[in-house]
Amino acid sequence: SIRKYLNNDDNEAVASTYRSMGIIMLEKLRDNYGALENLEKALYIFKDIRGDDDCEVAQLYFKIGDAKIRLNNYKEAFDELIYALEITQRIHWDDKVEKHNLLANLYVYLSAVTQELGKPLQALEYENKSLELDLAEHSEEYGKESYVVAYFNMRFGDIYHGLGDYSTAQFHYQRSL
C-alpha cells in the first residue's frame, strides 16, 4: 500500500487518494458520510503539507461543504464554503479557468445554503455574484438568450418567491422561459 511503502500517512499521495475516494463517494456512490470522512482526512494532510493558502485546500473545503449540504448541515456547509471562497479570492491560481469555475460554483452553493438558512437577501447577493462572473467570462457566447441567463432568472424567481415578492418572482420566472 502507499501508506506502508512511504512509511507514513502525511504525504501528498495519501492525501490525493483520500481526496479521490471522497469525491467518488460523494458524486458517484452517494455515501455522504464516507465522503466527508475521506475529504476531511485529505484536507488535514494537504493543509499540513501546503498550508492554508493553496488551491487544493480551497477545493477540498468546497467539496466538504458540498458533502455537508447533502447531509442537510447547512450552517457547517456555509462555514466550509466561506473558507473556500476566502482562500480562492486570496491566492494566485495558475489556471484562471479553474479559479473562475470554483468561484462561480461557490457563489451558487452559497446562495442555496443561505436560502436554506432563511437568508434570501444574502442568497440573492451570492446568486448575483455568480451571474456576474459567468457573464463576464462568457459574455460573447452567452448573450441575453442563453441557458445560463435563463437558469439565473429561474433562481432569482425562486429567491424572490421565498421573499414573498411574487410580482418580481413572476417577472424572473417569465424571463427564464
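Look above for the structure.
Residues numbered from 1 in each chain as written. Predicted model: local features only at pLDDT ≥ 70, side-chain atom pairs only at ≥ 80, totals over all residues. Heavy atoms only, no water.

A. Spotlight on the overall build of the chain. Along the chain, the regular secondary structure elements total nine helices and zero strands. Ordered by position from the N terminus, the helices and strands of the chain form the series α-α-α-α-α-α-α-α-α. By its C-alpha atoms, the chain is 65 × 35 × 25 Å across when sized along the principal axes. Among the 177 residues that make up the chain, the fraction classed as buried is 45%. Residue pairs in contact within the chain that sit at least 24 positions apart in sequence constitute 52% of those at least 6 positions apart. Put simply, the chain shows about 10100 Å² of open surface, and 50% of that area lies on carbon and sulfur atoms. Side chains of the chain give 20 positive and 31 negative charges; the mean places of these two sets differ by 3 Å. (Helix = DSSP H or I, 4+ residues; strand = E, 2+ residues; numbered from the N terminus. Buried < 20%, exposed > 50% of the residue type's maximum accessible area, 1.4 Å probe, protein only. Contact = heavy atoms within 4.5 Å. Areas by Shrake-Rupley, 256 points an atom, 1.4 Å probe, with all protein chains shown as cover. Lys, Arg positive; Asp, Glu negative; His and termini not counted. Charge placed at Lys NZ, Arg CZ, Asp CG, Glu CD.)

B. Examining the layout of surface pockets more closely. Computed from the structure, the largest pocket encloses a volume of approximately 180 Å³. Together, 12 residues line the largest pocket, and Asn105, Val108, Ser130, Asp134 and Phe152 are the ones closest to its centre. Of all the elements in the fold, those that place two or more residues in the lining of the largest pocket are helix H6 (96-116), helix H7 (120-142) and helix H8 (147-163). No other element matches the five residues that H6 contributes to the lining of the largest pocket. Among the residues forming the lining of the largest pocket, the class breakdown is six nonpolar, five polar and one charged. (1 Å grid on protein atoms, 1.4 Å probe; cavity = no way out; pocket = protein on both sides within 12 Å on 5 of 7 lines; lining within 4 Å. Points joined across faces, edges and corners; volume = space filled by probe spheres on them. Nonpolar A, V, L, I, M, F, W, Y, C, P; charged D, E, K, R; others polar.)

C. The arrangement of H8 in detail. With 17 residues, H8 should reach 24 Å at 1.5 Å per residue; the first-to-last C-alpha distance of 24 Å fits that figure. For H8, the set of buried residues is Val148, Val149, Ala150, Phe152, Asn153, Arg155, Phe156, Gly157, Ile159 and Tyr160. Following H8 by one or two positions, Gly164 has its phi on the positive side, about 85°. (Expected span 1.5 Å × (residues − 1).)

D. Focus on the environment of Arg19. Take Arg19: it is sitting in helix H2 (residues 12-27). Separated by 18 residues in sequence, Arg19 and Glu37 have C-alpha atoms that sit 9.8 Å apart. In this structure, Arg19 is in contact with Leu39, Ala42, Phe46, Glu56 and Leu60, ignoring residues within four places of it in sequence.

E. Broad picture of the environment of Asp158. Mapped onto the elements of the fold, Asp158 is located in helix H8. Spatially, the C-alpha atom of Asp158 lies 10.0 Å from that of Thr168, the residues being 10 residues apart in sequence. If sequence neighbours within four positions are ignored, Asp158 has contacts with Gln115 and Tyr173.

F. Expanded view of the side chain of Glu80. The topology assignment puts Glu80 in helix H5 (residues 74-90). We classify Glu80 as buried; its relative accessible area is 11%. Of note is the side chain of Glu80, whose polar atom sits 2.9 Å from the side chain of Lys68. (Polar contact = N/O pair within 3.5 Å; in protein donor to acceptor, adjacent residues only side chain to side chain.)

G. Just unusual backbone geometry, in detail. Phi is positive for Arg30, which is not a glycine, with a value near 55°. On the accessibility criterion, Arg30 (55% relative accessible area) is exposed. Phi is positive for Asn72, which is not a glycine, with a value near 60°. Inspection of the secondary structure puts Asn72 in the loop between helix H4 (55-70) and H5.

Geometry only, nothing functional implied.
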